[in-house]
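In case you want the letters, here they are:
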Amino acid sequence: MGHQLAMRRVFVAFALVLGLVATAALAASREARLAWQIVSGLIVTPGIAQGATFTEPTPDAAALIAAAEGQVGVTRIYDGSYVALDFPGGDIAPSRGVCTDVIIRALREGLSIDLQLAVNRDMSRNFPAYPANWGLSRPDRNIDHRRVPNLARLLERLGAARPISTDPADFQPGDIVATMLPGNLPHILIVTHRASADGQRPLIVHNIGAGTRVEDRLFEYPITGHFRLTPEVLSQLRDLGGI
């Protein structure tokens, strides 16, 4: 009888320990659990299912896409508020952002290029070459790089522009695409190497209002700019904003 009672107490204690461990695991932040899953190889990026490959990415494109997809589940809130930022390397809270922040963070984390610095340097030298949409008389390093027309103009100036097309075969992993949403709202996204469910299109990674997501929406809105980060373009970007 005494032996059975001792065993029962051991079993209860063991169950309590397991319960505490489980409770701690559930209490851990979502980001921490996702990070552990990525490192352990259970998933490649948060919330992104494995699927067919549309086109194999180059190493630079793979690094850019991985850094963009790494924002899925982290950047959950669309927030375009004007914020005074550090310079260079300024950013708002990772949980917040707009479409341009996906590009900015991906280039910083994936390819060590700071678009805040790159845009500010090029605008400071060539201010009249940039859109005058906001009535400014000089660059504003807090916001210039977070505006789609400015990013598109920088990429045009660096020779990254490609012909506008709606043929999926014309798009490569790591391409940056600008589109126009209803109400003349500019949007920007990154083309991934992942294939749509029907295998006909590459998926994109972007933040269109509900946080960073990977979706089949490349041709949903009119394309206004198609840019490719060739080695030559990346070299110029590093000259302007390498970190």
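Bear in mind that the values here come from a model prediction, so they are computed numbers and not experimental data.

Next up on the list: the confidence of the model for the protein. Of the residues in the protein, 80% reach a pLDDT of 70 or more, and the chain-wide mean stands at 86. Under a pLDDT of 50 for its full length, residues 1-45 has, in the predicted model, 21 contacts with residues more than four places off or in other chains.

A word on the sheet that holds strand 4 (residues 176-181). Pairing is antiparallel in the open sheet, where 6 strands are placed in the order 3-8-4-5-6-7. Because the sheet does not close on itself, it has two edges, and the strands there are strand 3 (161-162) and strand 7 (212-215). In the sheet, strand 6 (residues 202-207) pairs with strand 7 via 4 bridges, with the strands oriented antiparallel. When the sheet's bridge partners are listed, Asn207 is paired in strand 7 with Thr212. Running at roughly 115° to strand 5 (residues 185-195), helix 3 (residues 59-69) makes contact with strand 5, strand 6 and strand 7 of the sheet. Across the sheet, helix 4 (residues 99-111) is in contact with strand 4, strand 5, strand 6 and strand 7; its angle to strand 5 comes to roughly 50°.

Moving on, we come to the packing of helix 3 against helix 4. The geometry of helix 3 relative to helix 4 is characterised by a closest axis approach of 8 Å and an angle of 125° between their N-to-C directions. Put simply, helix 3 runs oblique to helix 4. Between helix 3 and helix 4 the crossing geometry is right-handed. Residue-level inspection shows Asp60, Ala63, Leu64, Ala67 and Ala68 of helix 3 in contact with helix 4, the latter providing Val102, Ala106, Leu107, Glu109, Gly110 and Leu111. Residues that form the contact of helix 3 with helix 4 fall into these classes: 8 nonpolar, 1 polar and 2 charged.

A separate point is helix 6 (residues 148-157). Residues of helix 6 that are buried include every one of Val148, Asn150, Leu151, Ala152, Leu154 and Leu155, and no others. Residue Gly159 follows helix 6 closely and has a positive phi angle near 80°.

Below, the discussion takes up helix 3. When helix 3 is considered as a whole, its buried residues turn out to be Ala61, Leu64, Ile65, Ala67, Ala68 and Glu69. Turning to helix 3, the residues buried within the fold contact helix 4, strand 5, strand 6 and strand 7.

Now for the nonpolar core. Residues Leu107, Leu115, Leu154, Ile176, Ile190, Leu229 and Leu237 are the most contacted members of the largest nonpolar core, which totals 35 residues. Taken together, the elements giving at least two residues each to this core come down to helix 3, helix 4, helix 5 (115-125), helix 6, strand 4, strand 5 and helix 7 (231-241). With residues near it in sequence (within four places) discarded, Ile176 still touches Ile103, Leu155, Ile188, Leu189, Ile190, Gly225, His226, Phe227 and Leu229. If you look at the next biggest cluster of nonpolar residues, it comprises 7 residues, including Phe171, Val177, Val191 and Ile204.

Counted by the stated rule, this structure contains 1 aromatic pair. Between Phe171 and Phe219, the aromatic rings sit 5.5 Å apart at their centres with planes inclined by 75°, giving edge-to-face as the arrangement. Highlighted residues: Phe171 in the loop between strand 3 and strand 4 and Phe219 in the loop between strand 7 and strand 8 (223-227), separated in sequence by 48 residues.

Omega for the bond connecting Phe87 with Pro88 falls within 30 degrees of zero, at -10°, which places this linkage in the cis form. Here Pro88 lies in the loop between strand 1 (77-78) and strand 2 (96-97). The backbone phi angle of Ser112 is positive, close to 55°, even though this residue is not glycine. Mapping Ser112 onto the fold places it in the loop between helix 4 and helix 5. Judged by its relative accessible area of 35%, Ser112 is partly exposed. At Asn184, a residue that is not glycine, the phi angle is positive and equals roughly 55°. Position of Asn184 relative to the elements: it lies in the loop between strand 4 and strand 5. Overall, Asn184 belongs to the exposed group, its relative accessible area being 63%.

Right, let's get into the packing of helix 5 against helix 7. If you want to describe how two helices pack, look at the angle between their axes and the distance between the axes. One can describe the packing of helix 5 onto helix 7 by two numbers: an axis separation of 7 Å at closest approach and a directional angle of 85°. By the angle between their axes, helix 5 is roughly perpendicular relative to helix 7. Where helix 5 approaches helix 7, its residues Leu115, Leu117, Ala118, Arg121, Asp122 and Arg125 are matched on the opposing element by Leu237, Asp239, Leu240 and Gly241.

Analysis parameters
- Residues numbered from 1 in each chain as written.
- Predicted model: local features only at pLDDT ≥ 70, side-chain atom pairs only at ≥ 80, totals over all residues.
- Heavy atoms only, no water.
- pLDDT = per-residue confidence, 0-100.
- Contact = heavy atoms within 4.5 Å.
- Pairing = 2+ DSSP bridges.
- Helix = DSSP H or I, 4+ residues; strand = E, 2+ residues; numbered from the N terminus.
- Axes fitted to C-alpha atoms, helices over the stretch in contact; angles between N-to-C directions.
- Parallel < 35°, antiparallel > 145°, perpendicular 65-115°, else oblique.
- Left-handed = near helix turned anticlockwise from the far one by under 90°.
- Nonpolar A, V, L, I, M, F, W, Y, C, P; charged D, E, K, R; others polar.
- Buried < 20%, exposed > 50% of the residue type's maximum accessible area, 1.4 Å probe, protein only.
- Core = buried A, V, L, I, M, F, W, Y, C linked by side-chain atoms within 4.5 Å.
- Phe/Tyr/Trp six-rings, centres within 6.5 Å; stacked < 30°, edge-to-face > 60°.

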